[in-house]
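Single-letter residue listing:
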Amino acid sequence: MRIISVLVILSFFLWNCTSCESSPKEVSGVEIYKTRCLVCHGTDGKMGMNGAKDLSSSPLNVAQRIEVVTNGKNIMPKFKGIMSEEEIKAVVEFTMTLK
């Protein structure tokens, strides 16, 4: 009887652990922007600190912005190896809303 009780308790804990697996975390372009871009580009993309471009009036399309964020340009550092492709795409898509 004691073995059965232990097995029931153990299976309960194992079941709870597997049902609590974390789902893939959704990448938030807004949060990435706040932590990586806000210092130079500002909350609205217009700040221009340290020579940062005004994102609200940038003529670059999504693919061009991904290229700049990935490989850097002028004073902007490259984020390849720092952020995943998914994170870069998410933050670029957010910057497109700063019009």
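Going by what an unreviewed UniProt entry lists, the chain is known as Cytochrome c and is assigned to Aureispira anguillae.

(A) The arrangement of the packing of helix α2 (residues 29-36) against helix α5 (residues 85-95) in detail. For the pair α2 and α5, the least separation of the axes is 8 Å and the interaxial angle reads 90°. One finds that α2 runs roughly perpendicular with respect to α5. Residues Gly 29, Val 30, Ile 32 and Tyr 33 of α2 pack against Glu 87, Ala 90, Val 91, Phe 94 and Thr 95 of α5. Grouping the amino acids of the contact of α2 with α5 by side-chain chemistry returns 6 nonpolar, 2 polar and 1 charged.

(B) View of the side chain of Ser 58. Along the polypeptide, Ser 58 turns up in the loop between α3 (38-41) and α4 (62-71). At a separation of 3.2 Å, a polar atom in the side chain of Ser 58 contacts the main-chain amide nitrogen of Leu 60.

(C) Summary view of unusual backbone geometry. The phi torsion at Asn 50 lies on the positive side, around 55°, for a residue other than glycine. Mapped onto the secondary structure, Asn 50 falls in the loop between α3 and α4. Non-glycine residue Asn 74 carries a positive phi angle of around 55°.

Analysis parameters
- Residues numbered from 1 in each chain as written.
- Predicted model: local features only at pLDDT ≥ 70, side-chain atom pairs only at ≥ 80, totals over all residues.
- Heavy atoms only, no water.
- Axes fitted to C-alpha atoms, helices over the stretch in contact; angles between N-to-C directions.
- Helix = DSSP H or I, 4+ residues; strand = E, 2+ residues; numbered from the N terminus.
- Parallel < 35°, antiparallel > 145°, perpendicular 65-115°, else oblique.
- Contact = heavy atoms within 4.5 Å.
- Nonpolar A, V, L, I, M, F, W, Y, C, P; charged D, E, K, R; others polar.
- Polar contact = N/O pair within 3.5 Å; in protein donor to acceptor, adjacent residues only side chain to side chain.

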